[in-house]
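This is what each chain is made of:
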Amino acid sequence: MTASSFPDTVARPFTVADFDFPLPPELIAQHPAPERSASRLLDGTGPAPVDRVFRDLPALLNDGDLLVFNDTQVVKARLFGQKASGGQLEMLIERVLLPDEASDGTAHEVVAHLRVSKKPRPGGRLHMAGGLTGGGFDAVFLGRWPDEQGQLFRFRLHGPAGETPYELMARHGHVPLPPYITHADEADDERRYQTVFARVPGAVAAPTAALHFDEAVLAALEARGVRRASVTLHVGAGTFAPMKAGRIEDHVMHHERYAIPPETLQAIGDCRARGGRVVAVGTTTVRTLESWARSNETQGDTNIFITPGFGFRVVDLMVTNFHLPQSTLMMLVSAFAGYDRIRALYEHAIARRYRFFSYGDAMLLRRA
């Protein structure tokens, strides 16, 4: 199943350049705030932007509102190895294929990005983390994915005692920090590039808006009467991919796997019945909920592309970080809160020296 964008309302024509903005490089956060909830929060729900601290969020929500989180867990998906010839390579595992997706019906096949001087041939064996004979594992190249022209590569992993791909990544992998973070992953990244409620392994990028939540904020939300629910969307590396198409309508959106449990659907229905608001934590949660609203499918793959003119059916408020210029996520937040409003909020954030991107600060937005 694939969900895509639906042009529910009419918007003026936009170009990719309309979502560009100048960002001083020193505002790109390289490390998280010392405390999760000590990051800044730009309140964009009122007529004028208000500068707050993230721990203020519970006071901005109402008794009966529903916060929906993405409970995906970031896996240590970046791996290093060698070709049989000795050439060095880097692999980023995008997803672990389910048994019914794999060619051999097992859970040992993965789809990955590959950085190497010369791509392997089908049947070629890569020696990862020292190789199977050196304490690591081997990866046998099976072909392109999802088809012969695909940009990704499919491998079958061979580890000691039949270890699963998740076990191999946990033992040999590195935290897949975004490309704009310039340092190699450190011990603290394994803890901080992960939400406190991460539960289902499978993401190669964190749902970053949720990184600001800590136990104190969660307790304050509960005391306020704000309910909680979760969805799962395994964030892929495509979230960082630049738009190569000259026109927005020509952009090919990446696919990500999602699932919504029955109790979350019930919680959304109960929230509507009591007059509460659905508050999505992060763009990944927005994409999951709005994919379901259009397809009526509670699990599958989505390549939903949300641009101005999109009619939102589920989400009322959104907590989100600040996004890359000319990115699909800039288009999503502009569709949600209004293009002119987002431009004004970003100008305010840059003038007030907010910290940007994955380890940066957050915004609270209201649906236009």
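Residues numbered from 1 in each chain as written. Predicted model: local features only at pLDDT ≥ 70, side-chain atom pairs only at ≥ 80, totals over all residues. Heavy atoms only, no water.

So, helix α8 (residues 339-351)
- The first and last C-alpha atoms of α8 sit 19 Å apart over 13 residues, in line with the 18 Å expected at 1.5 Å per residue.
- Next to the buried residues of α8 lie β2 (40-43), β3 (50-53), β17 (317-321), α7 (328-337) and β18 (362-366).
- After α8 finishes, the residue Arg353 shows a positive phi value of roughly 65°. (Helix = DSSP H or I, 4+ residues; strand = E, 2+ residues; numbered from the N terminus. Expected span 1.5 Å × (residues − 1). Contact = heavy atoms within 4.5 Å.)

As for the environment of Leu92
- One can find Leu92 in strand β7 (residues 88-96).
- Under the relative-accessibility criterion, Leu92 is labelled buried at 13%.
- Setting aside its immediate chain neighbours within four residues, Leu92 contacts Ala77, Arg78, Val111, Ala112, His113, Pro176 and Ala237. (Buried < 20%, exposed > 50% of the residue type's maximum accessible area, 1.4 Å probe, protein only.)

Some points on the packing of aromatic side chains
- Summed over all chains, the structure comprises 21 aromatic pairs.
- Considering the side-chain rings of Phe310 and Phe312, the 4.9 Å spacing of their centres and the 65° angle between planes classify their relative orientation as edge-to-face.
- What makes Phe312 buried here is its relative accessible area of 12%.
- Taken together through their ring pairs, the aromatic side chains of Phe21, Tyr180, Phe240, Phe322, Tyr346, Tyr354, Phe356 and Phe357 make up a single cluster. (Phe/Tyr/Trp six-rings, centres within 6.5 Å; stacked < 30°, edge-to-face > 60°.)

Things to note about helix α5 (residues 262-273)
- Taking 1.5 Å as the rise per residue, α5 with 12 residues should run 16 Å; its terminal C-alpha atoms sit 17 Å apart, in good agreement.
- Among the residues of α5, those classed as buried are Thr264, Ala267, Ile268 and Cys271. End-on, the buried residues of α5 take up no more than an arc of 100°, which puts them together on one face. More than 90 degrees from the buried face of α5, the exposed residues found are Pro262, Glu263 and Ala273.
- Of the residues trailing α5, Gly275 is marked for its positive phi of about 85°. (Arc of directions from axis to C-beta.)

Here we look at the sheet that holds strand β11 (residues 152-158)
- Pairing is antiparallel around the closed barrel formed by 6 strands, whose spatial order is β6-β7-β8-β11-β10-β9. The average angle at which neighbouring strand axes cross in this sheet is 45°, direction not considered.
- Sheet analysis places strand β10 (residues 137-145) next to β11, joined by 7 bridges and oriented antiparallel. Paired with Arg144 across the strands is Phe153, a residue of β11.
- The sheet contacts of helix α2 (residues 165-172) involve β6 (78-82), β7, β8 (109-116), β10 and β11, and relative to β7 the element is tilted by about 135°. (Pairing = 2+ DSSP bridges. Axes fitted to C-alpha atoms, helices over the stretch in contact; angles between N-to-C directions.)

Concerning the nonpolar core
- One finds Tyr193, Leu289 and Phe356 to be the most contacted residues of the largest nonpolar core, which totals 66 residues.
- Of the residues forming this core, the biggest block, 7 residues, is contributed by α7.
- In this structure, Leu126, Phe141, Phe153 and Ala237 belong to the second largest nonpolar core, which totals 24 residues. (Core = buried A, V, L, I, M, F, W, Y, C linked by side-chain atoms within 4.5 Å.)

Some details on the packing of α7 against α8
- Two elements in contact, α7 and α8, have axes whose closest approach is 7 Å; the angle formed by their N-to-C orientations is 115°. Note that α7 runs across α8; the crossing there is right-handed. Only Tyr339, Arg341, Ile342 and Tyr346 of α8 make contact with α7, whose side of the interface consists of Met330, Val333, Ser334 and Ala337.
- Partitioned by chemical class, the residues of the contact of α7 with α8 number 6 nonpolar, 1 polar and 1 charged. (Left-handed = near helix turned anticlockwise from the far one by under 90°. Nonpolar A, V, L, I, M, F, W, Y, C, P; charged D, E, K, R; others polar.)

Section: the confidence of the model for the protein chain
- With 97% of its residues at a pLDDT of 70 or more, the protein chain has an overall mean of 94.
- Confidence over residues 1-10 falls short of pLDDT 50; this stretch has 29 contacts with residues more than four positions distant or in other chains. (pLDDT = per-residue confidence, 0-100.)

Thoughts on the pattern of salt bridges
- Counting across every chain of the model gives 25 salt bridges.
- Note that Arg257 and Glu101 form a salt bridge whose closest N and O atoms lie 2.8 Å from each other. Linking Arg257 in strand β14 (residues 256-259) with Glu101 in the loop between β7 and β8, this pair joins segments that are 156 residues apart in sequence.
- Look at Glu101 and you get partly exposed, because its relative accessible area is 34%.
- Linking Arg191 and Asp188 is a salt bridge whose minimum nitrogen-to-oxygen distance equals 2.8 Å. Of this pair, Arg191 and Asp188 are both found in helix α3 (residues 187-192), 3 residues apart, which corresponds to roughly one turn of the helix.
- Relative accessible area serves as the criterion here: at 35%, Asp188 is assigned to the partly exposed category. (Salt bridge = Lys/Arg side-chain N within 4 Å of Asp/Glu carboxyl O.)

Quick word on the packing of helix α6 (residues 283-295) against α7
- Put simply, α6 and α7 touch, their axes get as near as 11 Å, and they point 70° apart. By the angle between their directions, the pair α6 and α7 is classed as roughly perpendicular. Where α6 crosses over α7, the handedness of that crossing is left-handed. Residue-level contacts link Thr283, Val286 and Arg287 of α6 to Leu329, Leu332 and Val333 of α7.
- Partitioned by chemical class, the residues of the contact of α6 with α7 number 4 nonpolar, 1 polar and 1 charged. (Parallel < 35°, antiparallel > 145°, perpendicular 65-115°, else oblique.)

Examining the environment of Val196
- Tracing the backbone through its elements, the reader meets Val196 in the loop between α3 and β12 (200-203).
- A relative accessible area of 34% places Val196 in the partly exposed class.
- Residues Val196 and Leu114 lie 82 residues apart in sequence; the distance between their C-alpha atoms is 30 Å.
- Non-local contacts of Val196, meaning those with residues more than four positions away in its chain, are made with Arg36, Phe213, Glu215 and Leu218.

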